[in-house]
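Letter by letter, the chains look like this.
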Amino acid sequence: MTKFRRASRSARVLVPGAVAVALLAGCAQGSGAAESASPATGTSPATGGTPSTGASGAVTPAPSASVPLPGSSASAAPGTLLVTDFGSDTVTFVDPERGATGSVKVGTAPYGVVLGSDGRAWVATAEGVAVVDTERRERLALVPYRTDTGPATTGEYRGGGMGIALAPDGRRVYVGVNVPGGNGTLEVLDTAALRFTDTVPVGRRPFDVDVSRDGAEVYVTNHDSFDVTVVAAGSLSPRRVEVAPYGTEGGLGSWLKPHYASVRPSDGKLLLPFEGERLAVVDPRTGRTTIEPMTADTHQHGTAVTADGTLLTVGTGPIDPDVDEGPSLTVRKPDGTERIYPLEGPHESVAVSRDRRTAYVTGGFTRDGYWDGLTVIDLDSGDTRRLPAGSRPLGIVVL
């Protein structure tokens, strides 16, 4: 049976001296008042320029060709991985056997990525949403946000796009835009016209964006305001649902906040893991949350869900080493049984191969401790191996 923490929540928030400085540099704090140190830029080759924008902010498409690495093919084979290089301004194509095969320049500090059925990838950067043709390995456009987020910068608290999702019909892209020091927005991009058409107010630091299977609702997971914003896709009217299974004590200094969500295929409920101890199951229609126990006992970030309802979630490591376990990947079956795969070092996001036998976990991580690669996990045997993959890889999709 999973033990729920008995320590007071304040013990997770108030820490002395030098320890407090180290912790508050991480995802627990979201004030945006100070940018974390810029990570070292990667060496993945990329070429091409940024499209210019007129006074109206309209995008001018400007292709940016990929530079393949030696021995790589010019186009992406099925099963190739695409990762966002949060430590650079590129996305990198990764062969799951050989590692990185080439990169495309997209914009400053790319975060989330989503793939359309037409082979176009949509990438949330600090500057705007980049559109990438994954077959030709070219950036087709960079569409600037309508929301003013200040200068394009890097680091955990940078302004600009974070979570991103694509409507089931492919006509809209939804991106959560972080505004340092304040509430964020959900911006709606017309994928045919390549322009933003609407802006919806949401909570603080929109880590993740998901869409219901019928496309009727959009769900924005707001890290620093302990909530999910439910947005009706037709009217774009927002509704706040608090998701705080540990309470909201500590505010911006709390570690116990939502990060990423997945939509359960069977009933459309949202699955939000917390601390490897509690799974918040949110009914977006009623706003009610039920709690189910989890077993990894580790601070959790990225999630993915398969068609049969199996949930995968990334454990980044302990908040308190005396209480918590190390980094891991949890694979949770629909009946609630879990298998825990230990990981070496922090990771952030996860994707699953089409045959559901392999998981790919990015080593980018939103805080310090990241590394420039992926961990590949054989879900049957539990064997793991590491692959080089760009600069601080964060978001990931399987082509």
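Residues numbered from 1 in each chain as written. Predicted model: local features only at pLDDT ≥ 70, side-chain atom pairs only at ≥ 80, totals over all residues. Heavy atoms only, no water.

Participant: Just to check I follow, could you spell out the overall build of the protein chain for this structure?
Facilitator: The helix and strand tally for the protein chain stands at one helix and 30 strands. Residue burial in the protein chain is summarised as follows: out of 399 residues, 58% are buried. Pairs at least 24 residues apart make up 52% of the contacts formed inside the protein chain by residues separated by at least 6 positions. As presented, the protein chain carries roughly 15400 Å² of accessible surface, and 51% of it is formed by carbon and sulfur atoms. (Helix = DSSP H or I, 4+ residues; strand = E, 2+ residues; numbered from the N terminus. Buried < 20%, exposed > 50% of the residue type's maximum accessible area, 1.4 Å probe, protein only. Contact = heavy atoms within 4.5 Å. Areas by Shrake-Rupley, 256 points an atom, 1.4 Å probe, with all protein chains shown as cover.)

Participant: Hey, could you run me through the side chain of threonine 149 in this one?
Facilitator: Examined against the element boundaries, threonine 149 turns out to sit in the loop between strand E9 (138-144) and strand E10 (160-166). By relative accessible area, threonine 149 is classed as buried at 13%.

Participant: Would you mind showing me how to read the sheet that holds strand E22 (residues 299-305) here?
Facilitator: Note on sheets: strands pair through backbone hydrogen bonds, and any given pair is parallel or antiparallel. Strand order in the open sheet formed by four strands is E22-E23-E24-E25, with antiparallel pairing between adjacent strands. Where the open sheet ends on each side, the last strands, each with one partner, are E22 and strand E25 (338-342). Going across the sheet, the axis of each strand differs from the next one's by a mean of 20°, ignoring polarity. One ladder, built from five bridges, connects strand E23 (residues 311-317) with strand E24 (residues 328-332); its direction is antiparallel. Considered in E24, the bridge of valine 314 is made with leucine 329. (Pairing = 2+ DSSP bridges. Axes fitted to C-alpha atoms, helices over the stretch in contact; angles between N-to-C directions.)

Participant: How should I be thinking about the sheet that holds strand E21 (residues 289-293) in this particular structure?
Facilitator: Reading across the sheet, the four strands line up as E18-E19-E20-E21 and stay open at both edges, with antiparallel pairing between neighbours. Across the chains shown, the open sheet's two edge strands, defined by having one partner strand only, are strand E18 (262-263) and E21. Where strand E20 (residues 278-282) lies against E21, five bridges are found, and the strand directions are antiparallel. What sits directly across from alanine 280, in E21, is isoleucine 291.

Participant: It is not clear to me how the environment of glutamate 217 should be interpreted in this structure. Could you clarify?
Facilitator: Of note, glutamate 217 is situated in strand E15 (residues 217-222). Glutamate 217 gets classed as buried once you look at its relative accessible area, which sits at 17%. Placed 67 residues apart in sequence, glutamate 217 and proline 284 show a C-alpha to C-alpha distance of 9.0 Å. Not counting the four nearest positions on each side in its chain, glutamate 217 is found in contact with Asp210, Val211, Ser212, Val230, Val231, Ala233, Arg239 and Pro284.

Participant: Would you mind showing me how to read the packing of aromatic side chains here?
Facilitator: Aromatic rings in a pair are described by how distant their centres are and how their planes are angled relative to each other. Taken as a whole and judged by the stated rule, the model has four aromatic pairs. Between tyrosine 111 and phenylalanine 207, the aromatic rings sit 6.3 Å apart at their centres with planes inclined by 80°, giving edge-to-face as the arrangement. Here tyrosine 111 is found in the loop between strand E5 (99-105) and strand E6 (113-115), whereas its partner phenylalanine 207 is found in strand E14 (residues 206-211), with 96 residues between them in sequence. Accessibility expressed as a relative area gives 5% for tyrosine 111, which makes it buried. Given the relative accessible area of 1%, phenylalanine 207 is considered buried. Measuring from ring centre to ring centre gives 5.7 Å for tyrosine 145 and phenylalanine 196, while their planes differ by 40°; the resulting arrangement is tilted. Of this pair, tyrosine 145 sits in the loop between E9 and E10 while phenylalanine 196 sits in strand E13 (residues 195-201); the two residues are 51 residues apart in sequence, bridging distant segments of the chain. The ring of tyrosine 246 is capped by arginine 278, whose NZ or CZ atom sits 4.1 Å from the centre of that ring. (Phe/Tyr/Trp six-rings, centres within 6.5 Å; stacked < 30°, edge-to-face > 60°. Lys NZ or Arg CZ within 6 Å of the ring centre and 35° of its normal.)

Participant: Is there a simple way to explain the pattern of salt bridges in this structure?
Facilitator: It is possible for side chains of opposite charge to pair when their charged atoms get near one another. In the structure shown here, the tally under the stated rule is 17 salt bridges. A salt bridge links glutamate 217 to arginine 239; the nearest nitrogen and oxygen atoms lie 3.9 Å apart. Residue glutamate 217 is located in strand E15, and its partner arginine 239 is located in strand E17 (residues 238-242); the two are separated by 22 residues in the primary sequence. Residue arginine 239 is classed as partly exposed on the basis of its relative accessible area, which comes to 34%. Close ionic contact of glutamate 242 with arginine 240 constitutes a salt bridge, the shortest N to O distance being 3.5 Å. Judged by its relative accessible area of 44%, glutamate 242 is partly exposed. Where salt bridges share partners, they join Glu156, Arg205, Asp224 and Lys257 into one cluster. (Salt bridge = Lys/Arg side-chain N within 4 Å of Asp/Glu carboxyl O.)

Participant: Could you clarify how one ought to interpret the environment of valine 179 in this entry?
Facilitator: Assignment of secondary structure puts valine 179 in the loop between strand E11 (172-178) and strand E12 (185-190). For the pair valine 179 and threonine 149, spaced 30 residues apart in the sequence, the C-alpha separation amounts to 5.1 Å.

Participant: I'm lost on the environment of serine 88 in this one. Help?
Facilitator: Along the chain, serine 88 turns up in the loop between strand E3 (81-85) and strand E4 (90-95). Owing to a relative accessible area of 15%, serine 88 belongs among the buried residues under this scheme. In the structure, serine 88 is positioned 20 residues away from threonine 108 in sequence and 6.6 Å away in space, judged by C-alpha atoms.

Participant: Any chance you could explain the side chain of lysine 257 here in plain terms?
Facilitator: Following the sequence through the fold, lysine 257 ends up in the loop between E17 and E18. Among the residues examined, lysine 257 registers a relative accessible area of 1% and is labelled buried. A polar side-chain atom of lysine 257 sits 3.0 Å from a polar atom in the side chain of aspartate 224. A distance of 3.1 Å separates a polar side-chain atom of lysine 257 from the backbone oxygen of leucine 252. (Polar contact = N/O pair within 3.5 Å; in protein donor to acceptor, adjacent residues only side chain to side chain.)

Participant: Could you clarify how one ought to interpret the pairing of E24 in this entry?
Facilitator: The side chains of a regular strand alternate between both faces of the sheet. Along E24, five of the five residues are buried, which leaves the element largely enclosed by surrounding structure. Across the two faces of E24 the burial is the same, with Ser328, Thr330 and Arg332 and Leu329 and Val331 all buried. Sheet topology note: the E24/E25 ladder contains five bridges and is antiparallel. Opposite arginine 332, over in E25, you have glutamate 338 as the bridge partner. Remark: five residues form the turn of the hairpin made by E24 and E25, two consecutive strands paired antiparallel; glycine 336 in that turn has positive phi of roughly 95°.

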